[in-house]
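In case you want the letters, here they are:
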Amino acid sequence: MVQIICGEKGKGKTKEMLQRAADSVASAKGVVVYLDKSHQLMYELNNQVRLINVSEYPVSTYEGFIGFVSGLLSGNHDIEFVFIDSLIQVANLTNDKIEEAVLALEKLSSDVNFICSISVDESVLEPSLKEKVIVSC
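The model shown is predicted, which means the values in this text are computed figures rather than measured ones.

Cut-off values and rules
- Residues numbered from 1 in each chain as written.
- Predicted model: local features only at pLDDT ≥ 70, side-chain atom pairs only at ≥ 80, totals over all residues.
- Heavy atoms only, no water.
- Salt bridge = Lys/Arg side-chain N within 4 Å of Asp/Glu carboxyl O.
- Helix = DSSP H or I, 4+ residues; strand = E, 2+ residues; numbered from the N terminus.
- Buried < 20%, exposed > 50% of the residue type's maximum accessible area, 1.4 Å probe, protein only.
- Phe/Tyr/Trp six-rings, centres within 6.5 Å; stacked < 30°, edge-to-face > 60°.
- Core = buried A, V, L, I, M, F, W, Y, C linked by side-chain atoms within 4.5 Å.
- Contact = heavy atoms within 4.5 Å.
- Expected span 1.5 Å × (residues − 1).
- Arc of directions from axis to C-beta.

Draft legend 1. Molecular detail of the pattern of salt bridges. Within the structure shown, the criterion is met by 4 salt bridges. Here Arg20 ties to Glu16 by a salt bridge, and the two come within 2.7 Å at their closest N and O atoms. With Arg20 and Glu16 both in helix H1 (residues 13-27), this residue pair falls 4 residues apart, about one helical turn. By relative accessible area, Arg20 is classed as partly exposed at 29%. On the basis of relative accessibility, which here comes to 24%, the residue Glu16 falls in the partly exposed class. For Lys97, the salt bridge identified is with Glu100, shortest N-O distance 3.3 Å. Residue Glu100 is classed as partly exposed on the basis of its relative accessible area of 36%.

Draft legend 2. Region of the structure containing the packing of aromatic side chains. Going through the model one piece at a time under the given rule, you end up with 3 aromatic pairs. With a centroid separation of 6.2 Å and 20 degrees between ring planes, the pair formed by Tyr34 and Phe83 is classed as stacked. Remark: Phe83 occurs in strand S4 (residues 79-84) and Tyr34 occurs in strand S2 (residues 31-36); sequence separation between them is 49 residues. With respect to burial, Tyr34 and Phe83 carry one shared label: buried. An aromatic cluster of three or more residues is present, and its members are Tyr34, Phe81 and Phe83.

Draft legend 3. Examining the nonpolar core more closely. In terms of nonpolar packing, the biggest core is built from 36 residues, with Leu35, Phe65, Ile84, Leu87 and Phe114 touching the most fellow members. Mapped by element, the contributors of at least two residues to this core are strand S1 (2-6), S2, helix H2 (62-75), S4, helix H3 (87-90), helix H4 (98-108) and strand S5 (113-118). Counting residues per element, this core draws most heavily on H2, which supplies 7 residues. What Leu87 contacts, discounting residues up to four positions off in sequence, is Phe65, Asn92, Leu93, Val102, Leu105, Cys116, Ser117 and Ile118.

Draft legend 4. A look at H1. In this model H1 runs 21 Å from its N-terminal to its C-terminal C-alpha over 15 residues, within 8% of the 21 Å that 1.5 Å per residue would give. Residues Lys13, Met17, Leu18, Ala21, Ser24 and Val25 constitute the buried set of H1. When H1 is viewed along its axis, its buried side chains cluster within an angular range of 135 degrees and face the same direction. Opposite the buried face of H1, at more than 90 degrees from it, the exposed residues are Lys15 and Ala26. The inward-facing, buried residues of H1 abut S1, S2, strand S3 (49-53), S4 and S5.

Worth remembering: the numbers are spatial, not functional.
Structural data, given as structure tokens:
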């Protein structure tokens with residue numbers, strides 16, 4: 001399952017993601033992973049959440065990002081939640097590739113819950129993505 005938290009920059013998406021990550025630790029039977037573009041949130045995340053700074057890896061295209069996530073999942077079958085903060089930046093997406101990237105994540109989500117923040121207003125999203133929005137800031 002892929003869920004989306006969307007809204008313009010500065011509207012509280014990261015705060016919502018951090019809260020959901022903390023909540024998921026309490027209920028998860030598996031591993032919780034948080035993908036970001038820096039280590040800035042290291043001290044704000046629960047210590048049971050694995051923070052991965054994607055910018056430390058040679059991921060320069062959206063296809064490379066999907067490959068990165070695929071490798072992450074294939075290397076650890078216990079991953080239950082993957083939080084992706086700022087999907088557009090982390091995956092090097094343009095607005096016209098958001099739907100394609102989310103659908104690619106959906107294909108990987110048979111045993112994993114993806115929660116992604118996207119810095120766009122919900123009205124900009126394709127209709128197929130609007131049903132995945134859980135919070136619109």
